[in-house]
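Geometric and topological summary
As a plain string of letters, each chain reads:
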Amino acid sequence: MTTATEFAPAPRRSGIKEWIFTTDHKRIGILYLVGAMAAFVVAGIMGLGIRIEQMSPGESGLINYFVGDFAQTMTTGAAYNAALYFHGAAMILAFLIPALTGFAANYLVPLMIGAPDVAFPRINALSLWLFYAAILVALLTFVIPDKPDIMWTGYPPYSITTSANTAFYVFTVHLIGFASILGAVNFLITIIYMRAPGMGWNKMNMFVWTTFGAFVIQIVFVPVLAAAVTLLLLDKYVGTGFFDPTRGGDVLLYQNLFWFYSHPAVYVIFLPAIGLLFDIIATQAKNYIFNYKAAVYGGILGIVVITGEVWVHHLYIAGMPNWISIGMMVTTLLISVPVGLILISLWGTLYKGAITYNVSMWYAVVCLFLILAGGLTGIPLAITSLTVHLSETSFVHAHFHFIMGLMATFAVFAAVYHWFPKMTGRSADIPIAKIAFWFTVIGSQVTFLPLFLIGIKGMPRRYWDYAMFPEFEPYHLIATFGSALVAVGVTLMIVGWIYAAFRGPKVSTNPWNSKSLEWTHTESPPGPGNFQRPVRVDESWTPYNYN
Amino acid sequence: MQQVVQGEARATHEHHWEVSWAPMAVAFGVMFLIPLAFSAYFVYQRPLLAIICAGIGTPLVLAGVAKWIHEGATQHSAISNVSPVGIGVFIIGEILIFLGLFASYWTMRISSGAAGELWPPAGTPHINLVLPLFMTGLLVASSFTYHYGEHKLNDGRKGWFLVWLLVSIILGAGFLACTAYEYVHLFAEGFVPGTNQYSAAFYSLTGFHGAHVLVGLLAFAAILFGMIVGNVNKMFVKVAGIYWHFVDVIWLFVASQVYYW
């Protein structure tokens, strides 16, 4: 608390300046959400374009319009690759990671631990605007003639030999990566040093724990990705040969460095998503966290420890000695143990709970099933023998979309509905939200279940033309229909959010009767400094003290 | 049980919304200065556009940083005493970047033929091995002088701190001057980043380290500027010192790997 006086408070003016130049964690969080949802919409439109192009084998030419090539100067393949690049890079780097470790962490962590703000508010604002700068660089894809066409992975040698602009990919990663590193510094320090007096490590909200885990992963692994893409930049534009085999470089070196970050990145997304689900489920089921310590020390910290030893399963078919692939198969399968502990806790929290169902809880319950489906389909991919058949098919694509595209995304949606009354003082749980929910959930299953089936039968991923597999056309047609349902659902949902933010029904400060600090100790929305007086919690307090 | 404080008057509560335009200026300045200027020059070969981008970016970054330093010197934060831990966490990230670069270098070395027979690869001129020793001396000495200066500052002797700060800046600048001298000579001999694998590793590692020295020197310049204006932020002095020691230590790894292996 910086300048508290007993005199009359300064009037709480709040114009546009107090928003765009803000260093307040709540407003930074909301600005993160706005930017992340903008990226989600654009990247989602790219995804829709991909599905429309795949509706029939052969060329439709429609994908060119999606990437801004209205004059049809690009080939279908080039346009498709550009759409694929933007969809992947923006969904992961500009939507999921900023929505979970930007929006949710910013808005919730200081409130949940009873702190007035994060440790370094201006560095926090720097992270936010670096993220927006990255989005701007990514959006330039649509205006430059040489659109990046290297997926979100940027594998050499193609990314070095292509005539497309690899630099914008690299700089998008740099800007987001730097924002993540600064975010990690901020949140690790905040969680370690700024918890309210009396709040021990075993009394933190699950979301605070998962954010802690996610940022430990970020600080260790993001820098390696930054190094890898920097070398890619040097290779392409300065003439070095790190990844160029003709000059003594090693293509697999890039893949190793890339996945050394990018598999842990899955857990950077997975952990906070799980944390949000824990807090939503515990609140709506009015129950304590089942096996809290096992979920925290075995589950979350277990993932943090094992996450750095599994990346090679992305390279199985690249060729490697058996002792490496089998060793990495074991570690990859081993990570199901902490994930299993977390899942047991999640389901156990529902057990004997007094469950209230609302839109956020619906999404949360759907997520429980999505984790199961997405996790179990990962096991064949981890096994070195089965993966030979499944690798590079749409089975892989459907598998990770279940975890990242559906589970983590729905966790973000659930969080927005759950904390909407906190952010705005109004409820977003209005009829349009329920309609949107059914469109989104049913549509997403219709989209991805056929892709599992044709993936097993051999449909390659990343192909825009599948004329050699005409028998898959009906499945693609169904999947495209599903993606249209998702598009309707997401549109309704966002319309609902905007409407509810200004016109939604007003609700009380603690509409869910939660025991967590952000609901019990401050008003909605909280003012500057969050709490009217420094928060202190006593012996018997826990955020899940419902019994 | 919880002390429910809802509905109480806000009278005892502070405050206004904190604002600062500095972070936004720095972020967008960086965007113009690095991604856009680099792309204009290297990707699209438009030097004029590159200069314009850099011309927009540089003042934005400088103004943002100046504003930031000014705010840091005048505003107090209840929790700023954790800054040394914050820079520690940041340094973990930095170490991992260097590890990524080292891993690339090691991979090249190991795959370059049995027992490094083919190392250094063809096209490598004679590399002066005395100069890096001298550079190491400069950097290590600057770490000690800065540390000594910090002691003086904590004893309240600002004049001596200023002297030792200046000595550290001169030593650090001398290090960069040696790097520049070395680069100019190697370039003249045709040893550029694209020459061979060794040049790639050499320039990426020493260049990335040199950039860190530059950042450290800029932090020192900021402290110097603050002293002239009459503001010394001891916390910033300490943080800059921790960073400088890190830059110093990592140089020992860079030098031993690049020059003497």
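Note that the structure is predicted; figures quoted are calculated from it, not measured. (Residues numbered from 1 in each chain as written. Chains lettered and ligands numbered in written order. Predicted model: local features only at pLDDT ≥ 70, side-chain atom pairs only at ≥ 80, totals over all residues.)

Things to note about the environment of histidine 401 of chain A
Residue and element names in this part refer to chain A. Put simply, the rule reads: Helix and strand assignments come from DSSP, with helices taken as H or I runs of at least 4 residues and strands as E runs of at least 2, each series counted from the N terminus. As a rule, residues whose C-beta atom has 12 or fewer other C-beta atoms within 10 Å are exposed, those with 20 or more are buried, and those in between are partly exposed; C-beta atoms are placed from the backbone. Once C-beta atoms have been placed from the backbone, residue pairs whose C-beta atoms lie within 7 Å are recorded as contacts.
In this fold, histidine 401 is placed in helix 16 (residues 394-424). On the basis of neighbour count, histidine 401 is assigned to the buried category, with 22 C-beta atoms found within 10 Å. Separated by 47 residues in sequence, histidine 401 and phenylalanine 448 have C-alpha atoms that sit 7.7 Å apart. Beyond its immediate sequence surroundings of up to four residues, histidine 401 is in contact with Leu406 and Phe448.

Structural notes on the interface of chain B and chain A
Using the following cut-off: Classification convention: Asp, Glu, Lys, Arg as charged; Ala, Val, Leu, Ile, Met, Phe, Trp, Tyr, Cys, Pro as nonpolar; all other residues, Gly among them, as polar.
The interface is formed by 61 residues belonging to chain B together with 70 residues belonging to chain A. Going through the elements one at a time, helix 1 (22-43), helix 3 (83-110) and helix 6 (197-229) of chain B are the ones with two or more residues in the side of chain B that touches chain A. Here the side of chain B that touches chain A gets 15 residues from one element, more than from any other, and that element is helix 3 of chain B. The class makeup of the residues in the side of chain B that touches chain A is 36 nonpolar, 20 polar and five charged.

So, the domain arrangement of chain B
Quoted interface sizes are often the accessible area lost when the parts come together. Condition: Boundary definitions for the domains trace back to an automatic or database domain assignment.
Domains assigned within chain B are domain 1 (20-72) and domain 2 (98-261). Inter-centroid distance (C-alpha atoms) of domain 1 of chain B to domain 2 of chain B is 24 Å.

A look at unusual backbone geometry
Residues and elements named next belong to chain A. Each neighbour pair has its own omega, and for proline 156 with proline 157 the value is 0°, a cis peptide bond. One can find proline 157 in the loop between helix 5 (121-139) and helix 6 (158-161). Cis geometry is adopted by the peptide bond preceding proline 525, which originates at serine 524 and carries an omega value of -15°. Following the sequence through the fold, proline 525 ends up in the segment after helix 19 (517-520). Within the chain, asparagine 291 stands out as a residue other than glycine whose phi angle is a positive 60°. Structurally, asparagine 291 is set in the loop between helix 9 (251-285) and helix 10 (292-306). A positive phi angle, close to 70°, is found at arginine 462, a residue other than glycine.

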